[in-house]
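Structural features, examined
Here is how the chains run, residue by residue.
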Amino acid sequence: MLELTGITAGYDRRSPVVRDANLTLRPGEALGLLGPSGCGKSTLARVAALLHRPDRGSVALDGRTVTGFRHRAPRALRTQVGVVFQQPRLSADPRLRLRDLVAEPLRATGRREEMGDRVAELADRVALGADLLDRRPHEVSDGQLQRACVARALILRPRWLVCDEMTAMLDASTTAALVAVVEEYRAETGAGLLAVGHDPVLLGRWCDRTTHWSDITAP
């Protein structure tokens, strides 16, 4: 279970963008979080992904309360969550070839021996050819770069996925392809999914249930 309880968070303690948010995601469930741009969805998604420490409230994974965020989070918890952001160019190191971008989490966790097989497997899954893997972010399209970012999110076989407006910058065919990749992974592993967005049609088709921002936060 991924549980966010009483979360208040932001970048200025005097003016938080998230106030008293409560959210529960069960294993294997796909939960859509629907809300308008600027309401605080992305900040809450970063809290759920253990990338942003809340000012108040708690995050628990399988009953274990998280006490550290970002690099201070225990590796055993940090590696359980894979995250895909809205803007791939802001989440990708422009110096890295896509091959190295996908492999980043393995390198960071000391699992270099797995890099060759896992990168090849996931590149095939997200439809990135060998020629694309040898390019850098500025040499590929947004859709191709987001494919690499999805592969990166899956490479440690996470139990939870947080997709924050993952398809907002993509065309319809790439959106369908990447949603299919995520769903195939969930079917294989039983991973839970938090899909954040502002498109009720997409979230309605993708997720088991959808909740609105106004239903999980204080006014």
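A few points on the structure. Here the structure is a predicted model, which is why all the values come from computation and not from measurement.

Let us now look at the pairing of strand β6 (residues 81–84). Alternating positions in β6 separate into two faces, V81 and V83 on one and G82 and V84 on the other, with burial throughout. Pairing geometry for β6 and strand β7 (residues 160–164), over four bridges, is parallel. Looking at β7, one finds that G82 is bridged to L161.

The sheet built from five strands is open, its strands ordered β6-β7-β8-β3-β9 with parallel pairing. Looking at the sheet topology across the chains shown, the edges are occupied by β6 and β9 (209–212). Between one strand and the next, the sheet's axes are offset by a mean angle of 15 degrees, whatever the strand orientation. Note: β7 against strand β8 (residues 192–197), five bridges, orientation parallel. The partner of L161 across the bridge, within β8, is L193.

Take the sheet that holds strand β2 (residues 18–25) next. Across the sheet, four strands lie side by side as β2-β1-β4-β5; this open sheet has antiparallel pairing. Edge positions in the sheet fall to β2 and β5 (64–65), since each of these pairs with one other strand and no more. Here strand β1 (residues 2–9) pairs with β2 via five bridges, running antiparallel. The partner of L2 across the bridge, within β2, is L25. Each of β1, β2 and β4 (56–61) touches helix α1 (residues 41–48); the most contacted strand, β1, lies at about 130 degrees to it.

Cut-off values and rules
Residues numbered from 1 in each chain as written. Predicted model: local features only at pLDDT ≥ 70, side-chain atom pairs only at ≥ 80, totals over all residues. Heavy atoms only, no water. Buried < 20%, exposed > 50% of the residue type's maximum accessible area, 1.4 Å probe, protein only. Helix = DSSP H or I, 4+ residues; strand = E, 2+ residues; numbered from the N terminus. Pairing = 2+ DSSP bridges. Axes fitted to C-alpha atoms, helices over the stretch in contact; angles between N-to-C directions. Contact = heavy atoms within 4.5 Å.

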